[in-house]
Amino acid sequence: MLTRQNVLRRVCSSAFCVETLKTLFYIGLFYSFSISLTFYNKWIIKRFNIPLSMTMAHLVVKFILAMFVRQILTCITRRERTVLTWSPYCKRVAATGVAAALDIGLSNWSFEFITISLYTMSKSTAIIFILGFAILLKLEKLRWHLILVVLLIATGLFMFVYHSTQFNLMGFLLVLGASCLSGVRWCLSQMITQKSELGLQNPIDMIYHIQPWMIVGLMPLSIYFEGTTLGATEQFFRYSDLRQLASNCGLVLLGAVLAFLLESSEYLLISTTSSLTLSVAGIFKVTLVADIHLGDGCSVSRCFSYPLLILALLF
């Protein structure tokens, strides 16, 4: 039975402090890479207008980087890395990979239609889907305070950017679909990374195994919607200036490295905490991104949003 003394003893213990500092460090990494990638994606997608193809390139590069890092770790530790057999690989990882690919692909695609502020507001609904799927998959128990926290966060984020959005139905539907898939993605990822028998607690091993399914999940959409455009663009396949081609490929590669670092930090955080913690940890990142992008002072709705967000985090 938990008593006040037991709770205080646990909070003041060295193990709890170390775990808290480790979690805060992971959250710091997540913030750094996520904010950088958000603004990079908005800029680069406006430049090239092939969001799905760029996401495909990122997935391929992430797989190559994960494979390369695994080889380095094998040489250093002299231990073979985890390689799943086909049965658990298809049953456990496939759905997660396809959901992750569509989540990222639809999110990037939405930047063609909407502003960062509307993207921020719409993607904040992911926490509702994460809670729903976490309860459905028995990762979280149905408790009234969790529902209250989610409602406070969703309301606070909506009010934070309400007066700063230029609504676009297509972009909104893309992000809403991405939010739903995000709920599936992170709940399934939590189940995979926290199952010791699978051996995918290390984020590099997780990225290595999930990228092929992400490529398979996104490739049909990429070919159908952007195949002709990609083949005809002078920025890549029909280039006339080799230096410009090298510069464009370098920009895509930079995004892939940022995406690799972000995904590593996400899996680090989710393997030690939970998918709901990852989503809640992103709240301050969301408000920071919106503040950086909007910079439009303090409205009445924004003044009300901060107390709601702080109250939710205190719960």
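Presented here is a report on the structure given in the accompanying data block. Quick caveat: nothing in here was measured; it's all calculated off a predicted structure. (Residues numbered from 1 in each chain as written. Predicted model: local features only at pLDDT ≥ 70, side-chain atom pairs only at ≥ 80, totals over all residues. Heavy atoms only, no water.)

Summed over all chains, the structure comprises 9 aromatic pairs. Ring centres 6.2 Å apart and planes at 50 degrees place the aromatic pair Phe-25 and Tyr-26 in the tilted group. Tyr-26 gets classed as buried once you look at its relative accessible area, which sits at 13%. Connected via pairs of aromatic rings, a cluster forms that spans Trp-86, Tyr-89 and Trp-213. (Phe/Tyr/Trp six-rings, centres within 6.5 Å; stacked < 30°, edge-to-face > 60°. Buried < 20%, exposed > 50% of the residue type's maximum accessible area, 1.4 Å probe, protein only.)

Further remarks concern the environment of Ile-147. By secondary structure assignment, the location of Ile-147 is in helix 7 (residues 144-161). Separated by 16 residues in sequence, Ile-147 and Leu-131 have C-alpha atoms that sit 7.9 Å apart. (Helix = DSSP H or I, 4+ residues; strand = E, 2+ residues; numbered from the N terminus.)

Right, let's talk about a nonpolar patch on the surface for a bit. A cluster of nonpolar side chains, contributed by Val-60, Ile-64 and Met-67, occupies part of the molecular surface with about 230 Å² of accessible area. Take Ile-64: it is sitting in helix 3 (residues 51-77). (Patch = residues over 30% accessible without salt bridge, like charges linked within 9 Å, V, L, I, M, F, W, Y side chains within 5 Å. Areas by Shrake-Rupley, 256 points an atom, 1.4 Å probe, with all protein chains shown as cover. Salt bridge = Lys/Arg side-chain N within 4 Å of Asp/Glu carboxyl O.)

This part covers the side chain of Asn-248. One can find Asn-248 in helix 10 (residues 242-272). Setting aside anything within four residues of it in sequence, one finds Asn-248 in contact with Arg-47, Phe-48, Gln-235 and Phe-236. (Contact = heavy atoms within 4.5 Å.)

Before going further, it helps to examine the packing of helix 3 against helix 10. Close contact between helix 3 and helix 10 brings their axes to 8 Å; oriented N to C, the two are set at 60 degrees. Comparing the axis directions of helix 3 and helix 10 gives the class oblique. The element helix 3 and its partner helix 10 pack so that their crossing is right-handed. Contact with helix 3, carried on its side by Met-54, Ala-57, His-58, Val-61, Lys-62, Leu-65, Ala-66 and Val-69, involves Val-252, Leu-253, Gly-255, Ala-256, Val-257, Ala-259, Phe-260 and Glu-263 of helix 10 and no other residues of that element. Residues of the contact of helix 3 with helix 10, tallied by class, amount to 12 nonpolar, 2 polar and 2 charged. (Axes fitted to C-alpha atoms, helices over the stretch in contact; angles between N-to-C directions. Parallel < 35°, antiparallel > 145°, perpendicular 65-115°, else oblique. Left-handed = near helix turned anticlockwise from the far one by under 90°. Nonpolar A, V, L, I, M, F, W, Y, C, P; charged D, E, K, R; others polar.)

Moving on, we get to the nonpolar core. Core analysis: the biggest nonpolar cluster contains 59 residues, and Ile-44, Phe-48, Met-54, Val-93, Leu-200, Met-214 and Tyr-267 have the highest contact counts within it. Looking at this core, the elements that each hand over two or more residues are helix 2 (14-48), helix 3, helix 4 (86-110), helix 5 (116-123), helix 6 (126-136), helix 8 (169-193), helix 9 (203-232) and helix 10. A per-element tally of this core places helix 10 first, with 10 residues. In contact with Met-214, other than residues within four places in its own chain, are Leu-59, Lys-62, Gly-97, Ala-100, Ala-101, Ile-104 and Glu-263. (Core = buried A, V, L, I, M, F, W, Y, C linked by side-chain atoms within 4.5 Å.)

Look at Asn-49: it is not a glycine, yet its phi comes out positive at around 60 degrees. You can see Asn-49 is positioned in the loop between helix 2 and helix 3. Overall, the relative accessible area of 42% leaves Asn-49 in the partly exposed class. Residues other than glycine seldom take positive phi values, yet Arg-78 does so here, at roughly 55 degrees. On the basis of relative accessible area, Arg-78 is assigned to the exposed category, the value being 75%.

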